[in-house]
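Summary of structural features
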Amino acid sequence: MEAEKVTGIHGCCPNPLLILLEPQNHQPLPKPKSTTAACRHTFATTTTSSFFPNTHFTNHESLPSYQESYDQFLKAYPKYSESHQVDKIRNQEYYHLSVSNHVCLDYIGIGLFSYSQVQSQVSAVVPLTSSSSSPSSHECSEYPFFDISCKSVDLKSELLHGGDGSQLESCIKKNIMNFLNMSTNEYSMVFTANRSSAFKLIAESYPFKTSRKLLTVYDHESEALETMVNTSEKRGANIMSAEFKWPRLRINSAKLRKLIIRKKKQKKSRGLFVFPLQSRVTGASYSYQWMSLAQENGWHVLLDACALGPKDMNSFGLSLIHPDFLICSFYKVFGENPTGFGCLLVKKSVVSMLEASVSTGIVSLVPPTQLLNSLDSSGSGTELEQKNNFVTKLDELHISGSNSAHNSAKSTHNNESGKDAPKDKSKEELDQSIGTLGDNTKLEEKRSIEIQCRCLDHVDSLGLMQIGNRRRYLVNWLISALLKLKHPNRLDHFPLVKIYGPKIKFDRGTAMAFNLFDWKGERVEQILIQKLADRNNISLSHGFLSHLWFPDKYEEEKQRTIEGKKCDEKDAQNKKSKKTDFGISVVTIALSFLANFEDVYRLWTFIAQFLDADFVEKERWRYSSLYQKTIEV
């Protein structure tokens, strides 16, 4: 099969949601030559046969060069070249990745702003407030576009009476709702401190007294999900979860269907069905029809969109499946500034059923107080004057939300300067700076504010097909390459890498879970892999697979594979009365929309070093000699 045949795959795979629209009683039609299943099978076959056919690599020094690998990659996936606009955006808006030579594979999802945008904001304001030179990359991460302020209000009250908030909040909400393609006429949005806070708010507000069940579909453990489960259980919820069949980790459909479908006599709501369309650990994709089945059987549906990549929201088909709740997060400018917030969207028709909650997870977005604090209160009269003018200008823009921060800054000025600030050239310059905020905000004639979310705009301009194809090529090439790594001097060609969940597959996500095994078959510690990756400027993460179901024929493998989850002393005390969590600890990666071939190639060459038994033993010894806490770098 020629590698070029893969180019015909992508146009013949329709949106899987359209399956729901097909009439069930139509006459059979002649089967087309190019069906969705055939396209996906062709893609997998081509990927498997195109890269290093009939070849195993047993030494990291025998790997093909970057250029040779890239040429082969383009031959198999010629459409990858059509995504050159992504590389252009990466070079212009996220140039710090090239400067730092860092490979970020520990992050899934997107942020609101680009790195270049953050730089522009700081350079527009800081030079006026300091005689120092332009801020460094590290300093830029200390100046966010907004700050977070906690609100003491319950979810139902905020949804009913909170309104749109300040102009800053209203504008960011508008950007996010447009990006998610969700109507403000049907949904209300609140900002939360993080993803866990959003899950906890739902758990504290959902009426489990009348709708007692909580059914989740996750192949891994997460802090956010654990928070929801613990909170719901305390409120009387009956906790249930889907199971995932070993070894492919597909949903145990028979059991999940049995849990979802209600008996004919049951007319009241069954409870809350929490569903992600993709696993943020294994990259497994799940069918939309599970949500549809749950709705048909009286469940309220919470859609967890945090694991979905950019533009995947457009494939939801929300015009057919309207979840009652949706959670997503915007917590990071790629590679920088990890602070951010979560988003909780609630269908307006279900707000009335919610109960009063006591959680403090709801937040407001307020002007960046760090920017105000950067002006030294012990400085000269001119600096204090600039600080006062900055606060005054923000008040004029009605970006309130947290008056305490503004009042505090004003009070500091009044106590220390004791006089009104004179009008001079510096005030005029500062006003101009605040008016533009480095091209991020625009002051219109009616004093309204417009926030440019450049990262969202870039993703919108690229489109679903371009981003989806690019990431599909990269993750499937990486999997194919990793599976070619075999330990030397083994008659059974023992593999270095074990991948959990979907492997080479057209519709898999770009997250991947795996472990490395040495030549004796012993698993390499995840923390050791992460530390060595850090030394090579590669960021990886880790996870814990759970809710696994082993058929009887895999009982022996289950005994070898399953382990108890390790937890710290605090967690151990909280779980004394509960059964131990069993599963598999794994190393995880995720490819963002900015990932390129060099990123995955560098990961491949890094992992290939573990084929060297001496390398592994040396690093294990070094790790143990440092009390298993750190590795010398």
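Residue numbers restart at each chain and count upward from 1, following the sequence in its written direction. Owing to the predicted nature of the model, reporting of local features is limited to residues with pLDDT of at least 70; listing and counting of side-chain atom pairs is limited to 80 or more, with chain, interface and lining totals taken over all residues. With hydrogens and water stripped out, all remaining heavy atoms of the structure feed into the side-chain values.

Regarding the overall build of the chain
Only runs of H or I of at least four residues qualify as helices and only runs of E of at least two qualify as strands under DSSP, and these elements are numbered from the N terminus. Counting its secondary structure elements, the chain contains 23 helices and 21 strands. For the chain, the residues scored as buried account for 52% of the 633 residues in total. Residues are treated as being in contact if the distance between any of their heavy atoms lies within 4.5 Å. Within the chain, residue pairs in contact and separated by at least 24 positions form 77% of the contacts whose partners lie at least 6 positions apart. Only protein chains enter the calculation, and the probe is 1.4 Å; a residue is then buried if its accessible area is under 20% of its type maximum, exposed if over 50%, and partly exposed in between.

What to know about the sheet that holds strand β19 (residues 548-549)
DSSP-based pairing: two strands are paired if at least 2 bridges between them are found. Spatially, β7-β6-β19 is the arrangement adopted by the three strands of the open sheet, whose pairing is mixed. Of all strands in the sheet, those with a lone pairing partner are β7 (250-251) and β19, marking the two edges. The pairing of strand β6 (residues 244-245) with β7 spans two bridges and is classified as antiparallel. Following the sheet pairing, K245 is matched in β7 by R250.

Examining the packing of aromatic side chains
Stacked, tilted and edge-to-face pairs are distinguished by plane angle, under 30 degrees for stacked and over 60 for edge-to-face with tilted covering the rest, among Phe, Tyr and Trp rings (Trp via its six-membered ring) whose centres lie within 6.5 Å. Within the structure shown, the criterion is met by 31 aromatic pairs. Pairing F43 with Y77 gives two aromatic rings, centres 5.9 Å apart and planes at 15°, and the pair type is stacked. Of this pair, F43 sits in helix α1 (residues 36-50) while Y77 sits in the loop between α2 (66-76) and α3 (84-93), and the two are 34 residues apart along the sequence. Neither residue differs from the other here; F43 and Y77 are each classed as buried. Aromatic pair F57 and W604: ring centres 5.7 Å apart, planes at 75°, arrangement edge-to-face.

Some words on the pattern of salt bridges
The salt bridge criterion pairs a side-chain nitrogen of Lys or Arg with a carboxyl oxygen of Asp or Glu, the two atoms within 4 Å. Applying the stated criterion to the full structure yields 16 salt bridges. Put simply, E563 and R523 hold a salt bridge, and the shortest N to O gap is 2.8 Å. Within this pair, whereas E563 is found in strand β20 (residues 563-564), its partner R523 is found in the loop between β16 (511-516) and α19 (526-535), the two being separated by 40 residues in sequence. You can call E563 buried: its relative accessible area is 15%. Overall, R523 belongs to the partly exposed group, its relative accessible area being 29%. Between R620 and E525 there is a salt bridge; the shortest N-O distance is 3.4 Å. Taken as a pair, R620 in helix α23 (residues 613-625) and E525 in the loop between β16 and α19 lie far apart in primary sequence, 95 residues in all. Sharing partners across several salt bridges, the network here consists of D518, E525, E617 and R620.

Some details on the side chain of T282
Mapped onto the secondary structure, T282 falls in the loop between β8 (271-276) and α12 (289-296). N or O atoms closer than or at 3.5 Å make up a polar contact, with two conditions inside protein: a donor-capable atom paired with an acceptor-capable one, and, for residues adjacent in sequence, both atoms drawn from side chains. Polar contacts involving the side chain of T282 include one to the main-chain amide nitrogen of A284, which spans 3.3 Å. In this structure T282 touches D219, L249, Y500, P502, R508, A511, M512, A513 and L545, once residues within four positions along its chain are discounted.

Quick word on the sheet that holds strand β11 (residues 341-347)
What the seven strands build is an open sheet, ordered β3-β11-β10-β9-β8-β4-β5; its pairing is mixed. At either end of the open sheet lies a strand with only one pairing partner, and these are β3 (187-192) and β5 (238-241). In this sheet, adjacent strand axes meet at a mean angle of 20° when their direction is disregarded. Direction of pairing for β8 relative to strand β9 (residues 299-304): parallel, over a ladder of six bridges. Across the sheet, P276 pairs through a bridge with D304, a residue of β9. Angles here are taken between N-to-C directions and fall from 0 to 180 degrees, while the axes themselves are lines fitted to C-alpha atoms, restricted in helices to the stretch in contact.

A word on the environment of Y70
With respect to the helices, strands and loops of the structure, Y70 is situated in helix α2. Each C-alpha atom of the pair Y70 and Y601 lies 8.7 Å from the other, and the pair is 531 residues apart in sequence. Ignoring any residue separated from it by four or fewer positions in sequence, one finds Y70 in contact with Y80 and F597.

Focus: the pairing of β16
When you tally the buried positions in β16, you get six out of six residues, the bulk of the element. Judged by which residues are buried, β16 turns out to be covered on both faces: A511, A513 and N515 on one side and M512, F514 and L516 on the other are all buried. In the sheet, strand β15 (residues 497-500) pairs with β16 via four bridges, with the strands oriented antiparallel. Paired with K498 across the strands is N515, a residue of β16. Relative to strand β21 (residues 582-590), β16 runs antiparallel, the two being bridged by four bridges. Counted as the bridge partner of M512 is I589 from β21.

A look at the state of the cysteines
In what follows, a disulfide is any cysteine sulfur pair within 2.5 Å. Going through the model one piece at a time under the given rule, you end up with zero disulfides. Here C328 stays unpaired: no disulfide links it, and the sulfur of C343, its closest cysteine neighbor, is 4.4 Å away.

A closer look at helix α10 (residues 223-234)
The first and last C-alpha atoms of α10 sit 17 Å apart over twelve residues, in line with the 16 Å expected at 1.5 Å per residue. Among all positions in α10, only A224, L225, M228, V229, T231 and S232 are buried. Summarising the contacts, the buried residues of α10 are in contact with α9 (195-205), β4 (213-216), β5, β8 and β9. The span one expects for a helix is its residue count, reduced by one, times 1.5 Å.

Observations regarding the environment of D534
Here D534 lies in helix α19. Residue classification places D534 among the partly exposed residues on the basis of a relative accessible area of 46%. Distance from D534 to V103, taken between C-alpha atoms, is 9.6 Å for residues 431 residues apart in sequence.

Quick notes on the side chain of N252
Structurally, N252 can be placed in the loop between β7 and α11 (253-260). Leave out the neighbours within four places in its chain, and N252 touches E243, F244, K245 and W549.

Considering helix α18 (residues 464-482)
Helix length check: α18, at 19 residues, gives a terminal C-alpha distance of 27 Å against a target of 27 Å (1.5 Å per residue), a fit within 8%. The buried fraction of α18 is high, at 15 of 19 residues.

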